[in-house]
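# Reading the structure
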Amino acid sequence: MSLRILVGCKRAIDYAVKIQVKSDLSGVVTEGVKHALNPFDEIAMEEAVRLKEKKLANEVIAVSCGPAQSQDVLRTALALGADKAFHVEVPAKEYETLQPIHVSKILAKLAEQEKVDLIILGKQAIDDDCNQTGQMTAAVLNWPQATFASKLQLKDKEATCEREIDGGLETISIKLPAVVTADLRLNTPRYATLPNIMKAKKKPLKKFSPKDLGVDITPRQEIVKVCEPPKRQGGGKVASTEELVERIKKLGVN
Amino acid sequence: MFAIRNIGTKTFRLCRNLAQKNVANLSTSTDTINRSLYNFSDEEIQLKETVGRLAREKIEPKVREMEQQGDVLPEIRQLMFDNGLMGIEIPGKYGGTESSFFSSILVVEELGKVDGSISVMCDIQNTLINTLLMQLGSDYLKDKYLPRLATDMIGSFCLSESSSGSDAFAMRTSASKNGDYYTINGNKLWISNSKHAGVFFVMANVNPSLGYKGITCFVVDRDTPGLTIGKNEDKLGLLASSTCAVHFDDVKVHEKNILGKIGQGYKYAISILNEGRIGIGAQMIGLAQGCFDKTIAYTRERQQFGQRIFDFQGMQHQISHVATQLEAARLLVYNAARLKEAGKPFIKEAAMAKYFASEVACQTTSKCIDWMGGVGYTKDYPIEKYYRDCKVGTIYEGTSNIQLNTIAKLIDADDNFY
């Protein structure tokens, strides 16, 4: 069984950065801010590379939609073990309004073109927390989906997936081709070794535009306002359990 | 009279506008190219970020433990090899990373931010051992050792002895010829990496009557009979970096293990140390920066007299001064590295870089302890370790005084002063 895997790689603000809202409340500051491969996409990449190492897959394709800088995360993906990378170039202005619905159509088109057997995406991006792209991509393609995967096993043309859901763990079995979205505990991603970083230079990186793929990225949403959450107020101290109960009753909570 | 004044003002405004327009034209024609020393290639950026992450996430948690044990942990040594940090310039066909000298400098700097011992281990391997082998090794030596150095073997450079440090050519270790073998006798001291090294590049004199022109470089396997590793020096800092005596008692080495040419060892030593000291410069700026970053974070939190200690003007002046010195040191190191890569003369700049970076690191770390106050003096905080670790920077791979001698010699030899 030699699968072709497509992995979504989004360039998002690095998790350690202190986010600042723009003064005009139109968004967050991204100029000059450190960006990195979305951590859940890193986990997705790791899973794909492990499948290749287990000889269950023979090609891993990394895809990123975004402005020119998105190529940085594609180079990271190539250094982690992807065989080739696709950059769907979306100019910066239009990227501000690019939504999962558009990305899912782009991924679906590429998956069909490349005759992909498995799409692995991060469960969500840490900038917008949408948690939609995987689900939408599966719907566009009419493929089965296994989201929030914490374990993935492949046998013949079937995937057994353990999912982390609100009630606990759910194990499902789906037929390939399918979409899987990676959750935190699926694996621990590797570091790109220095030799692999250097070798990644030679791997192919192909550019597309959404138009090439026949996808219309006209925004369907308008961002009205982006602001910081209200500052957390300090709590109060009480002297005894009785007083605590009294205070809670006063707040109207039963 | 007013008319003349007006002409003057108009002309002045015209000239100024023209000047501004010219400047604007200049900047638009060059603004897409970053000509600062912070101009890194994509690979260099990736390498720097990856090693920075690796160092912070995997190495930093083990730093105290390694210092207490006086040794680099086996898993950290393995990590260095597995991630390609020990063969940065070695070509891919030998299993190396196949990157550039500047990449090595960036890697050594990033490691220095976290631990000076790990940084120096990486620096010696890449800038001394690997480079010597790649520049001078026969195909036999390259094929035999480069793959090992890239994947699992540490190398040591044996030059100094108890009676020859700065006066390196006064070395007494000898190598006498017996057919196609040489027998090495002598004692090397202060040998870094020696505890775990699998191969030693030994400078020995094949013909003491020729003085330094008899010094030859031998590649000696650790398990060669007669080679013993002596005691590890009990040092002030860099405790996880082994610094042992290496004894040679009738150590027989085949002549095919000679690196380069007989009697040229002195040249090789000087030339490799010219490059290696850029690496030490990188280690020093890494140490200084790592210490500085942690300290500034503290000064922004710690409050006294109702304000952050960072807010006191006295503190700000000291901090700015140190930050400026550190920036200057980094630029000297980066510039020397880029000059070397470009094949331009770099010896004076390299000496300046090592001298300045090591002195700045000592000043920076000392100031950082002051700024931290009492906690800077305790081992619970990482600051005092940086202070101890960087002290050797003004001593090894050419003391500050030797660097100053070198710089003066080159100034004197410069025909541009008249």
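Quick look at the structure, then. A quick note: this is a predicted structure, and the numbers were derived from the prediction, not measured. (Residues numbered from 1 in each chain as written. Chains lettered and ligands numbered in written order. Predicted model: local features only at pLDDT ≥ 70, side-chain atom pairs only at ≥ 80, totals over all residues. Heavy atoms only, no water.)

## Considerations on the overall build of chain B
- The helix and strand tally for chain B stands at 12 helices and 10 strands.
- When burial is assessed residue by residue, chain B has 50% of its 418 residues classed as buried.
- When contacts within chain B are restricted to residue pairs at least 6 apart in sequence, those whose partners lie at least 24 apart make up 73%.
- When the accessible surface of chain B is split by element, carbon and sulfur atoms take 54% of a total near 19600 Å².
- Side-chain charges of chain B comprise 47 positive and 47 negative groups, with the mean position of each set lying 5 Å from the other. (Helix = DSSP H or I, 4+ residues; strand = E, 2+ residues; numbered from the N terminus. Buried < 20%, exposed > 50% of the residue type's maximum accessible area, 1.4 Å probe, protein only. Contact = heavy atoms within 4.5 Å. Areas by Shrake-Rupley, 256 points an atom, 1.4 Å probe, with all protein chains shown as cover. Lys, Arg positive; Asp, Glu negative; His and termini not counted. Charge placed at Lys NZ, Arg CZ, Asp CG, Glu CD.)

## Topic: the overall build of chain A
- Within chain A one finds seven helices and 11 strands.
- Based on the C-alpha atoms only, the size of chain A along its principal axes is roughly 65 × 45 × 40 Å.
- When burial is assessed residue by residue, chain A has 44% of its 254 residues classed as buried.
- Here the contacts in chain A between residues at least 6 apart in sequence split such that 71% fall between residues at least 24 apart.
- As presented, chain A carries roughly 14100 Å² of accessible surface, and 51% of it is formed by carbon and sulfur atoms.
- On chain A, the mean spot of the 39 positive side-chain charges and the mean spot of the 34 negative ones are 3 Å from each other.

## Regarding unusual backbone geometry
- Leucine 176 of chain A connects to proline 177 of chain A through a cis peptide bond whose omega is 5°.
- Within the secondary structure layout, proline 177 of chain A lies in the loop between strand S9 (168-175) and strand S10 (178-182).
- The phi dihedral of glutamate 98 of chain B falls on the positive side, at around 55°, and the residue is not glycine.
- Inspection of the secondary structure assignment puts glutamate 98 of chain B in the loop between helix H4 (74-82) and helix H5 (101-112).
- When its relative accessible area of 43% is taken as the criterion, glutamate 98 of chain B is described as partly exposed.
- A positive phi angle, near 55°, is found at aspartate 250 of chain B, a position not held by glycine.
- Looking at where aspartate 250 of chain B falls in the secondary structure, it is placed in strand S7 (residues 243-254).
- Relative accessible area serves as the criterion here: at 47%, aspartate 250 of chain B is assigned to the partly exposed category.

## Points about the side chain of histidine 87 of chain A
Residues and elements named next belong to chain A.
- As for its placement among the helices and strands, histidine 87 is situated in strand S5 (residues 84-89).
- Overall, the relative accessible area of 0% leaves histidine 87 in the buried class.
- Excluding anything up to four places from it in sequence, histidine 87 contacts Ser64, Gly66, Pro67, Ala68, Ser70, Gln71, Leu74, Leu205, Lys206, Lys207 and Phe208.

## Brief notes about the packing of H4 of chain B against helix H6 (residues 116-136) of chain B
All names here are of chain B.
- At their nearest, the axes of H4 and H6 sit 12 Å apart, and the two run at 45° to each other. Comparing their axes, H6 and H4 come out oblique. As for how H4 packs across H6, the hand of that crossing is right-handed. Residues Ile76, Arg77, Met80 and Phe81 of H4 touch H6, and the partners they reach there are Ile118, Met121, Cys122 and Gln125.
- Among the residues forming the contact of H4 with H6, the class breakdown is six nonpolar, one polar and one charged. (Axes fitted to C-alpha atoms, helices over the stretch in contact; angles between N-to-C directions. Parallel < 35°, antiparallel > 145°, perpendicular 65-115°, else oblique. Left-handed = near helix turned anticlockwise from the far one by under 90°. Nonpolar A, V, L, I, M, F, W, Y, C, P; charged D, E, K, R; others polar.)

## Things to note about the interface of chain A and chain B
- Residue-level contacts link 14 residues of chain A with 21 residues of chain B.
- Summed over both sides, the interface of chain A with chain B buries roughly 1500 Å², with 60% coming from carbon and sulfur.
- Here chain A is connected to chain B by three salt bridges.
- For glutamate 43 of chain B, the salt bridge goes to lysine 201 of chain A, with nearest N and O atoms at 3.7 Å.
- Contributing elements (two or more residues each) for the side of chain A that touches chain B: helix H2 (71-80) and helix H6 (194-200) of chain A.
- When residues of the side of chain A that touches chain B are assigned to their parent elements, the largest contribution, four residues, is made by H6 of chain A.
- Residues that form the side of chain A that touches chain B fall into these classes: eight nonpolar, two polar and four charged. (Buried area = accessible area lost by both parts, 1.4 Å probe. Salt bridge = Lys/Arg side-chain N within 4 Å of Asp/Glu carboxyl O.)

## Observations regarding the pairing of strand S1 (residues 3-8) of chain A
All names here are of chain A.
- Burial analysis of S1 places five of its six residues in the buried class, which makes it a mostly covered element.
- Sheet analysis places S1 next to strand S4 (residues 57-66), joined by six bridges and oriented parallel. By the bridge assignment, arginine 4 is partnered in S4 with glutamate 59.
- Sheet topology note: the S1/strand S6 (residues 118-122) ladder contains three bridges and is parallel. Following the sheet pairing, valine 7 is matched in S6 by isoleucine 120. (Pairing = 2+ DSSP bridges.)

## Quick look at helix H12 (residues 400-413) of chain B
All names here are of chain B.
- Helix length check: H12 (14 residues) gives 20 Å between terminal C-alpha atoms against 20 Å at 1.5 Å per residue, within 8%.
- If you check which residues of H12 are buried, you get Ser400, Gln403, Thr406 and Ile407. Projected down its long axis, H12 shows its buried positions confined to an angular sector of 120°, all on one face. Turned more than 90 degrees away from the buried face of H12, the exposed residues are Asn401, Lys409, Asp412 and Ala413. (Expected span 1.5 Å × (residues − 1). Arc of directions from axis to C-beta.)

## Concerning the sheet that holds strand S8 (residues 158-165) of chain A
Residue and element names in this part refer to chain A.
- Strand order in the open sheet formed by nine strands is S9-S8-S7-S10-S6-S1-S4-S5-S11, and the pairing between neighbours is mixed. Here the strands that pair on one side only, and so sit at the sheet edges, are S9 and strand S11 (205-208). For this sheet, the mean angle separating the axes of adjacent strands, direction not counted, is 30°.
- Sheet contacts for H2: S4, S5 and S11; angle to S5, the most-contacted strand, approximately 165°.

## What about the environment of serine 64 of chain A?
Residues and elements named next belong to chain A.
- Considering the arrangement of structural elements, one finds serine 64 in strand S4.
- We classify serine 64 as buried; its relative accessible area is 1%.
- Apart from residues no more than four positions distant in its own chain, serine 64 is found in contact with Cys9, Lys10, Arg11, Ser70, Val73, Leu74, Phe86, His87 and Val88.

## Describing the packing of helix H8 (residues 265-301) of chain B against helix H9 (residues 313-341) of chain B
Residues and elements named next belong to chain B.
- Closest axis-to-axis distance for the H8/H9 pair is 10 Å, and the angle between their directions is 155°. Classified by the angle between their axes, H8 and H9 sit roughly antiparallel to one another. As for how H8 packs across H9, the hand of that crossing is left-handed. Where H8 abuts H9, its residues Glu275, Ile278, Gly281, Ala282, Ile285, Ala288, Gln289, Phe292, Ile296 and Thr299 lie against Met315, Ile319, Val322, Ala323, Leu326, Ala329, Arg330, Val333, Tyr334, Ala336, Ala337 and Lys340.

Distances and angles like these do not, on their own, reveal function.
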